[in-house]
Amino acid sequence: MNIFSLQGKTALVTGSARGLGLEIAAALAGQGAHVILNGRDAVALEAALQEVHARGGQADTLRFDVSDPEQVSQAMAQLDQRFGRLDILVNNVGVRDRRGLFDFAIDDVRRMLDVNLVAPFVLCREAARRMIAQGGAGRIINITSIAGPISNDRDAAYTSAKGGLASLTRALAAELGRHGITVNGVAPGFFATETNAAVAADPAVARMLARRTSLGRWGQPHEIAGAVAFLASEAASYVTGEIIAVDGGYLAHF
């Protein structure tokens, strides 16, 4: 028996048209899951679909904005009709906005909280309803951040949102465990994604990571995927309420 197999499982990965989300989706598909790719850009989603297929995985797309409750409701109805079940949810969508405390308009703070915390709350609830109706044994995995247990100057809104998502993960683990649903998180550190391309090219940041992380480098996007695939699998059947840092030792390194 392959305890890491996801054969026969259906997984929804939000924000999976590129970057970490695409790598997570491809890894789940590589373990046999039928993956539903999500994003707002139809062209990017189609490219991601072709990428997963090229790697030998099964996938479909479901285009919707996770922060729009009406779109989420319609998308979940489509998911029920098209796929019939949901076994794994990965809440990967997030927005980043680095500004000081006095530079934020309150509406911008609400937007950060809506996307990074409220949207995952809604999707967790929708997924849990379906998993309970199916008899339990579902997997919910929230992509949090190392900006939650630690913080930095000019980052209060994002840190608050991601810290809240980690707390939500623990709270839902406590509430949904009786149904056989596990809820865990993965906290990425510094990853050289397309979004971070300009920062990743900065020699000063590379020098900082050489000093500040145990592995002394940026993470590559594919390196996030193993932790998520583990938490989605039977290998993690007795793991819930945990946040796994995938950060090259950033949190551990003094």
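Residues numbered from 1 in each chain as written. Predicted model: local features only at pLDDT ≥ 70, side-chain atom pairs only at ≥ 80, totals over all residues. Heavy atoms only, no water.

S.K.: Can you walk me through a nonpolar patch on the surface in this structure?
M.R.: Taken together, the side chains of Met 1, Ile 3 and Phe 4 present a nonpolar region at the surface, about 370 Å² in accessible area. Since its relative accessible area comes to 38%, Ile 3 is described here as partly exposed. (Patch = residues over 30% accessible without salt bridge, like charges linked within 9 Å, V, L, I, M, F, W, Y side chains within 5 Å. Areas by Shrake-Rupley, 256 points an atom, 1.4 Å probe, with all protein chains shown as cover. Salt bridge = Lys/Arg side-chain N within 4 Å of Asp/Glu carboxyl O. Buried < 20%, exposed > 50% of the residue type's maximum accessible area, 1.4 Å probe, protein only.)

S.K.: What should I look at first to understand the pairing of strand S2 (residues 34–39) in this one?
M.R.: Of all 6 residues in S2, 5 are buried; the element is thus mostly enclosed. Of the strand pairs in this sheet, strand S1 (residues 10–13) and S2 are connected by 4 bridges, and their pairing is parallel. Across the sheet, the residue bridging to Ala 11 is Val 35, located in S2. Assessed by its sense of winding, the connection that carries the chain from S1 through helix H1 (residues 19–30) to S2 is right-handed. Bridge count for S2 against strand S3 (residues 58–63) is 6 bridges, and the pairing is parallel. Across the sheet, Asn 38 pairs through a bridge with Leu 62, a residue of S3. (Helix = DSSP H or I, 4+ residues; strand = E, 2+ residues; numbered from the N terminus. Pairing = 2+ DSSP bridges. Right-handed = clockwise from strand over helix to strand, strands pointing away.)

S.K.: Before we go on, may I ask you to explain the sheet that holds S3 in this structure?
M.R.: Whenever strands of a sheet pair, they do so through backbone hydrogen bonds, lying parallel or antiparallel. Taken in spatial order, the 7 strands of this open sheet run S3-S2-S1-S4-S5-S6-S7, and their pairing is parallel. Because the sheet does not close on itself, it has two edges, and the strands there are S3 and strand S7 (243–246). Averaged over all neighbouring strand pairs, the angle between strand axes comes to 20°, with direction disregarded. Seen against the sheet, helix H2 (residues 42–54) touches S2 and S3 and runs at an angle of roughly 170° to S3. Where helix H4 (residues 106–133) meets the sheet, it contacts strand S4 (88–91) and strand S5 (139–143), and its direction lies at approximately 180° from that of S4. (Axes fitted to C-alpha atoms, helices over the stretch in contact; angles between N-to-C directions. Contact = heavy atoms within 4.5 Å.)

S.K.: What's the story with the nonpolar core in this structure? I'm lost.
M.R.: Soluble globular proteins tend to pack their nonpolar side chains together in the buried interior. Ile 24, Leu 28, Val 35, Leu 37, Val 90, Ile 141 and Val 186 are the most contacted members of the largest nonpolar core, which totals 34 residues. Considering every element that reaches this core, the biggest residue donor is H1, with 7 residues. With sequence-adjacent residues up to four places away left out, Leu 28 is seen in contact with Leu 6, Ala 11, Val 13, Ala 33, Val 35, Ile 88, Val 90, Val 228, Ala 229 and Ala 232. Counting 26 residues, the second-largest nonpolar core is a separate cluster that includes Leu 62, Leu 79, Ala 119 and Ala 127. (Core = buried A, V, L, I, M, F, W, Y, C linked by side-chain atoms within 4.5 Å.)

S.K.: Looking at this structure, how should I read the packing of helix H3 (residues 69–83) against H4?
M.R.: Each pair of packed helices gets described by two things: the angle between the helix axes and the distance between those axes. Running from N to C, H3 and H4 point in directions that differ by 25°, and their axes come no closer than 11 Å. Considering the angle they form, H3 stands roughly parallel to H4. Here H3 and H4 pass one another in a crossing that is right-handed. Contact residues: Val 72, Met 76, Ala 77 and Asp 80 in H3; Val 122, Leu 123, Glu 126, Ala 127 and Arg 130 in H4. When the residues that make up the contact of H3 with H4 are grouped by side-chain class, the tally is 6 nonpolar, no polar and 3 charged. (Parallel < 35°, antiparallel > 145°, perpendicular 65-115°, else oblique. Left-handed = near helix turned anticlockwise from the far one by under 90°. Nonpolar A, V, L, I, M, F, W, Y, C, P; charged D, E, K, R; others polar.)

S.K.: Sorry if this is basic, but what is going on with the side chain of Asn 184 here?
M.R.: Take Asn 184: it is sitting in strand S6 (residues 182–188). Taking relative accessible area as the criterion, Asn 184 reaches 1% and is therefore assigned buried. In this structure the side chain of Asn 184 is engaged in a polar contact, spanning 3.2 Å, whose partner is the backbone nitrogen of Gly 241. (Polar contact = N/O pair within 3.5 Å; in protein donor to acceptor, adjacent residues only side chain to side chain.)

That is the geometry; function is a separate question.
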